[in-house]
Each structure stands twice: as structure tokens, then as C-alpha cells.
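Each chain, letter by letter, is given below.
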Amino acid sequence: MLDEDTDLGPAWDLLSAAQRRSPATVDHVLVYPQTGMWLATALRRLRGTTAHRDETPLWVVLGHVSALAAAAALRAGLDFTIDVPMRHGRVPLPTLGCAELPATAPWTTATVRSQAGRAVVEAAGATVAVPSAPESPGPGWYPLRRLEVGPAGRRLEVALDDVDPYRTYSQPTEPRPLSHKTAAQWRRVLERAWEVLLREQPETAGAMRRGILSISPTPPRERFRPRSVTSGDAFGGIEASEPDDPVQLAATLVHEFQHTKLGGLLHLAPLLTGDADDGKLFYAPWRDDPRPLAGMLQGVYAFTGITHFWHTHRRSAGERTAVAHFEFALWRTQTARALEQLRDHPRSTPLGTTLLTTLRDRCTRWLDEPVPSDASALARLCAADHAARWRCHHLRPPARAVAETVRAWLAGAESPPASLTARPEVVTDTSARWLDSLAMLVRHRLGPTSDDRPWAEEPGKAAAGVTGALPADVLLVDVLLTGGNATAAARAYPAHLAEEPRRPTAWAGLGRALALTRTAPAAARLLCHHPERARAVHEALVDATGTPPDPITLATWLGTR
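Calculation notes
Residues numbered from 1 in each chain as written. Predicted model: local features only at pLDDT ≥ 70, side-chain atom pairs only at ≥ 80, totals over all residues. Heavy atoms only, no water. Helix = DSSP H or I, 4+ residues; strand = E, 2+ residues; numbered from the N terminus. Contact = heavy atoms within 4.5 Å. Core = buried A, V, L, I, M, F, W, Y, C linked by side-chain atoms within 4.5 Å. Buried < 20%, exposed > 50% of the residue type's maximum accessible area, 1.4 Å probe, protein only. 1 Å grid on protein atoms, 1.4 Å probe; cavity = no way out; pocket = protein on both sides within 12 Å on 5 of 7 lines; lining within 4 Å. Points joined across faces, edges and corners; volume = space filled by probe spheres on them. Nonpolar A, V, L, I, M, F, W, Y, C, P; charged D, E, K, R; others polar. Salt bridge = Lys/Arg side-chain N within 4 Å of Asp/Glu carboxyl O. Arc of directions from axis to C-beta.

(A) Fine view of the environment of Ala375. Position of Ala375 among the secondary structure elements: in helix 11 (residues 373–394). Sequence separation between Ala375 and Gly140 is 235 residues; the distance between their C-alpha atoms is 53 Å. Aside from chain neighbours lying at most four places away, what touches Ala375 is His325, Phe326 and Ala329.

Quick look at the structure:
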């Protein structure tokens, strides 16, 4: 068996032989996205800089080069014998597929042999034949599926990779072959998504044909909340959850292809100075957590692409036009806000400054485009709500100022001390989750399959369909969409805070509801712009007295400063 001092010479020799026989074949294996991810993983393991805990033995990680060599040699038609790692009974051969054999241990080896065009994988007395056409299934053999969609000359060809251990970013996972039904569903959705991109963004689609090499499928997630990931170490690879529909997949491909392009550029030219971020964190309207400068750069580039997608798609969205207008209005607002934070940043290189200026100019033009008033109002509400929820979680007023404010409240002072208005500190709150819940409720409501009944009838039921949403959030959205009762929403948020005094997101919604009722303007103003002050003082009062104060009364008092 291989150990940590494994001689990788046989793998190198076999790769060299394959290179001499068929250079293009070796190139295909080496530029495959998962090869890049493996190499980065191996280097981090050797350097001790792995961010995630990985129980895979080092010899298995390093020995993966033998699997790469075997795959290249099979493709080149060589006769050879080589030992490769076996992972829980599976033997992945990158770009080809995966053999499954009886496992005698979680981590062991198998032997790959090829002679006169017949290839087998052997272990523990069992043998799996690799089909002469490796894309064909066989007993114990799971081929790497290749999808081809679109007309000749405009066809997208990608691997639907469910077997390579380095297909998930940034942490390896074991092979999990898809069922035939699920694979067929991915093909159907990709075909229709590609039709959308060819029709609406032909230039982007043309670039994708060379820049997207593999899609690593993962199980579906909550509606409207897909998960997708790329990595600068795996150019051309996209990990994506099973989409709700073709339009969602088209938007996901645009989003991740933006990251892919920027990742490629960053390998060629720096956009920021310095080797590491300076510790400063920013508000990213598409994230729950604060982001460093490099993360913001990735985000604004990706969401410029998303905004462009909805800008074009809303013209042909059909029954989903309302959703498309909302998405365009929301993301142009959020992207512009993020770009403004990066204006003239001193760490931008000249090329980085040019890129950010170009993105900002494009976004400025979008801000001038007409959008139906209802979609625009919903987008403004959701953008403001996300920012307020983010502030509640991640901004901390000075502790001394909070203590002074608590004493002033308990003493019956007419107004809080001026110290509370000092600039808050950004402190990452790891509990922050689902800050986009209001926007998710809007998407559910605007969708073509939405129930037209006012949500006020069953707000709890509607909220249960969106993780992180409160019944009060449902009532708030109902006000804007159906002219519902703003007073009911304004009453529901304090009820949530009474049950869960440390529920930060309720403060943001309360501010929006009070602004609509116009019954407590000072409280509404404070909660819409500085909800973190109310949260901090409210929690400090609970700690000091054991009794939570009335949220509206407290926010009104805080709003007098």
C-alpha cells in the first residue's frame, strides 16, 4: 500500500509516456477543473494551510496523481499497470468515471491495468471492466456523463461530474453517482437554460462554451435559494445545486462564470495591492456576513453579471415578468451600493480601478432605466431591510456608550447620551443567517404559481415556507403587495421580540412597519437607519433588569438623539 513516503515516480513516468503518445490527451486531463482543485488541496495539505478538516490520509491525496496518470494513459491507448488510491470502495479515474469494488478498508489501493485495449480495475479479488467507450455504464462502472446542448456551432459541452472527489469546492467529497432520473432532469434543465442564454446573451454564451468545462451537481435546496460555488483553483468548474427551473440555472451560470472570468484574470494580473486583506470588512448586500475587500471585488463583478442577466431577461420573461423586474431593480440597487463602498479604494491597482470604474458606469446607466413602480418599491424595501438586518447583526455601538444609555434609561432621562451616536464597530456575528428573507417572500409572492389570497390570513403558514422569515415579515410584504394592514405588522414585530428578545432581524422589520403606519416617526427613523443601537441597548436592559422594555417606546426614546 502507498504511504506518506510514496514514490510518485511511476505516475510521473506514465504521464510522460501518455504525453509522448498524445499531448492533447494529457492536456485535457491536466486542465480539467478538478485537477486544479486536487493540486491546490495537495499543496495546502503539504504546507499545513488547509482551512477545512480533511480526514483523507495524505497518501491518498498525493496518490491521486496516479489516478490522473491512469486516466491519461487510458485515453492515450497505452498498455500499463499502476496502483491508485481507493476511497471507501470507489476508484475515481478523472475525466473518465469511477469504478466501485468491495471495500476491505476505507482507504486502500486498487490496480488499474490496460492491455491490448482492455482495461480493468482490480482490488480484493474483484474486477471491474472499464468499457472500451468509458462514457458507457457497465457493471461496477459509473461513467462521467458529458452533456451536449444547443445547435451545432453554438453547442455547450460540459461534464456533469458526480464522481470526482475534487468536484466540490473547496472541500473534497466522495463520489456520489446520480440516478438516471436525476441526470436526465439536469440535461433537460440545462438544455432550456442554454436556450435562454443563446437567445438573450449570445456573447456571454459564446464565451461560456470555452470557459465552462464541468458542472458538479448537488441536491436541490429551498426554493429561490440555490447554492453555487466556483474556485480560482478550478478554472471552468461550477458546483451547483439542482435548480428550480431553467431561468434560475441560466442566472447561476452567468453568476459563476463571472467568478470564473475574474479568477482567471487574477491569475494574470493583480487588481489589488498587498498580499492579504487589511482586516477591514464591508457590507456585501448579497451575503449574510461582512466581507473583505477581495471578496467584495468578486461580488460586485458577479452581481454586475446578474444585474445584466435580469436587465435582458425581463423583456422576454412572460408570466415571470414581475419577478424579472423586481430582480433587476433589486440587484442594480445592491450592486451600485457595493460599488460605491469601493470607490477610489487605495488598495486598487490601476487595472483594478479601471475595472471598478467600468462596472460603476454600467450600473449608473441601469439606475436610470424605467422599472414599474411596484417592482421598484419592493426592491427598495428589500434592499433597505437587508441592510438593516445586517446592521443589527454586525454593527456594535461602543460598549461604554451602551452602558451609559442603559443608566440614562433607568434614571428616566429625557434622551439618550450623545455617546451612542459614535461610529459602531464591525464585528462578525456568526449567527447571522437568512438576511434575505424579505426578498424571498417577495419572490414567492410574485411567482406565477403564487396563491393570490392575502397572506394576512395565514402569516405563520406563509413564513414556514421561507427559512428565517417571521410571520410579521409576511404581513409587511402583504402591505405592499395587496394593501394589507400595516398596523398588524407593526404589532407583530414587538410580539416576536417579547418571545425572543435577542432576535435581531425583528428590529429591522419593525422599523419598516412603523414607517408605513406613520405612528411613531422617531422610532421608525431610528430603526430604519440605526437598528443596531436599539438591539444593543434592549439586550443590555434585559441583562440588567431581566425584563425587556417595550421596543417601540425604547426606539422612540433612542430616536430623540
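(B) Structural view of the nonpolar core. Ranked by internal contacts, the top residues of the largest apolar core, which has 115 residues, are Leu190, Leu197, Leu253, Phe309 and Phe326. Leaving out residues up to four positions away in the same chain, Leu190 has contacts with Leu147, Val149, Leu156, Val158, Ile215, Leu249 and Leu253. Counting 44 residues, the second-largest nonpolar core is a separate cluster that includes Val26, Ala73, Leu96 and Val128.

(C) Expanded view of the layout of surface pockets. What the second largest pocket holds in volume is close to 480 Å³. Lining the second largest pocket are 14 residues; nearest its centre among them are Gln341, Trp390, Leu395, Arg423 and Val426. Those elements that place two or more of their residues in the lining of the second largest pocket are helix 9 (321–341) and helix 11. Looking at the lining of the second largest pocket residue by residue, the classes come out as eight nonpolar, two polar and four charged.

(D) Main features of the pattern of salt bridges. Inspection of the entire model under this criterion finds 24 salt bridges. Note that Arg320 is salt-bridged to Asp245, the shortest N-O span being 3.7 Å. You can see Arg320 sitting in the loop between helix 8 (293–313) and helix 9 and its partner Asp245 sitting in the loop between strand 12 (237–241) and helix 7 (246–268), a full 75 residues away along the chain. Residues Glu539 and Arg535 are paired through a salt bridge, measuring 2.9 Å at the closest nitrogen-oxygen approach. With Glu539 and Arg535 both in helix 19 (residues 531–545) and four residues apart, this pair spans about one turn of that helix. In this structure Glu539 comes out as buried when scored by relative accessible area, which is 14%. Overall, Arg535 belongs to the buried group, its relative accessible area being 12%. Within this structure, Asp429, Arg502, Arg535, Glu539 and Asp543 form a network of salt bridges that share partners.

(E) Structural detail: helix 2 (residues 23–31). Turning to helix 2, its buried residues are Thr25, Val26 and Val29. Projected onto a plane normal to the axis of helix 2, the buried residues spread over an arc of 95 degrees and lie on a single side. Turned more than 90 degrees from where helix 2 packs its buried face, Ala24 and Val31 sit exposed. Residues of helix 2 that are buried sit in contact with helix 1 (9–21), helix 3 (33–47) and helix 4 (58–76).

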